[in-house]
Amino acid sequence: MPQFREIAHNSDDYRRACRLRQAVLRSPLGLDLFQEDLAGEADQLHFGLFEAAELLACVVAKPTSPTAVQLRQMAVDPTQQGRGYGRRLLGSVEPALVERGYTSVTLHARVPAIGFYEKLGYRLVGGEFEEVGIAHVEMQKDLDG
Ligand SMILES: CC(C)(COP(=O)(O)OP(=O)(O)OC[C@H]1O[C@@H](n2cnc3c(N)ncnc32)[C@H](O)[C@@H]1OP(=O)(O)O)[C@@H](O)C(=O)NCCC(=O)NCCS
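Computed from a predicted model, the values in this text were never measured in an experiment.

Visitor: Where do I start with the sheet that holds strand β2 (residues 45–51) in this structure?
Guide: Note on sheets: strands pair through backbone hydrogen bonds, and any given pair is parallel or antiparallel. With respect to topology, seven strands assemble into an open sheet ordered β1-β2-β3-β4-β5-β7-β6, the strand pairing being mixed. Each having just a single partner strand, β1 (3–7) and β6 (123–131) make up the two edges of the open sheet. The average undirected angle you get between the axes of adjacent strands in this sheet is 25 degrees. Inspection of the sheet shows β2 paired to strand β3 (residues 54–65) by seven bridges, in the antiparallel sense. Among the inter-strand pairings, H46 is bridged to a residue of β3, identified as V60. Sitting on the sheet, helix α1 (residues 12–26) is in contact with β1, β2, β3, β4 (68–76) and β5 (104–110), with an inclination near 75 degrees to β4. With respect to the sheet, helix α2 (residues 85–99) is in contact with β1, β2, β3, β4, β5 and β7 (134–142), its orientation differing from that of β2 by roughly 140 degrees.

Visitor: Could you clarify how one ought to interpret α1 in this entry?
Guide: Side chains of residues three or four places apart in an α-helix project in the same direction, reflecting 3.6 residues per turn. Under the 1.5 Å per step criterion, the end-to-end length of α1 is 20 Å for 15 residues, consistent within 8% with the ideal 21 Å. Residues of α1 that are buried: D13, Y14, A17, C18, L20, R21, Q22, V24, L25 and R26. Its buried side turned inward, α1 meets β1, β2, β3, β4 and β5.

Visitor: How do you make sense of the pairing of β3 when you look at a structure like this?
Guide: Looking along a regular strand, one sees side chains alternate from face to face of the sheet. The antiparallel pairing of β2 with β3 creates a hairpin that spans two residues between the two strands, and A52 there sits at a positive phi of about 55 degrees. Of the strand pairs in this sheet, β3 and β4 are connected by seven bridges, and their pairing is antiparallel. Residue V60 lies in a different strand from β4, and its bridge partner there is R72. Here β3 folds back onto β4, and the loop between the two strands holds two residues.

Reading guide: rules and limits
Residues numbered from 1 in each chain as written. Predicted model: local features only at pLDDT ≥ 70, side-chain atom pairs only at ≥ 80, totals over all residues. Heavy atoms only, no water. Pairing = 2+ DSSP bridges. Helix = DSSP H or I, 4+ residues; strand = E, 2+ residues; numbered from the N terminus. Axes fitted to C-alpha atoms, helices over the stretch in contact; angles between N-to-C directions. Contact = heavy atoms within 4.5 Å. Expected span 1.5 Å × (residues − 1). Buried < 20%, exposed > 50% of the residue type's maximum accessible area, 1.4 Å probe, protein only.

What follows is the structure, given as structure tokens:
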């Protein structure tokens, strides 16, 4: 049974998450996460779903106000996608955010992933824009504690 836990910045699990993010979100676009300025991530929240020491899925929450976060860098191990782990990760992240007083979540969804977020109750706000060279849309969800 996969375990949800918060990941401490700069821990071994954080480095594991960065490697997963590089493999899933950057390498296919010819980009290198490790060349990006990750200093701001010290002030962000990091979450993962683990099977023993193996990281199945991870996501970062960046506070944008005392009550709002932006979810970023959502990635599920390519060999584990479509098995409910993405749903399970966000299903644990959202109550963890509510516990800290956050009531609103936004995110920039890659267009092929819109349907995933819609299934989890996120709704489109506004039109398409480009980020890391590919089409994205902004999505939002209110969290009710
Ligand atoms: C998109 C992603 C995060 C989804 O996680 P996942 O573990 O594969 O998804 P789950 O198995 O938890 O799916 C949950 C539900 O969403 C649906 N779903 C998953 N991906 C979908 C997609 N791309 N489009 C539409 N529906 C999708 C599933 O069918 C499932 O529906 P159900 O519960 O009714 O059966 C994951 O596939 C991934 O990392 N993809 C590559 C990177 C990426 O696009 N990240 C998001 C950047 S914004």
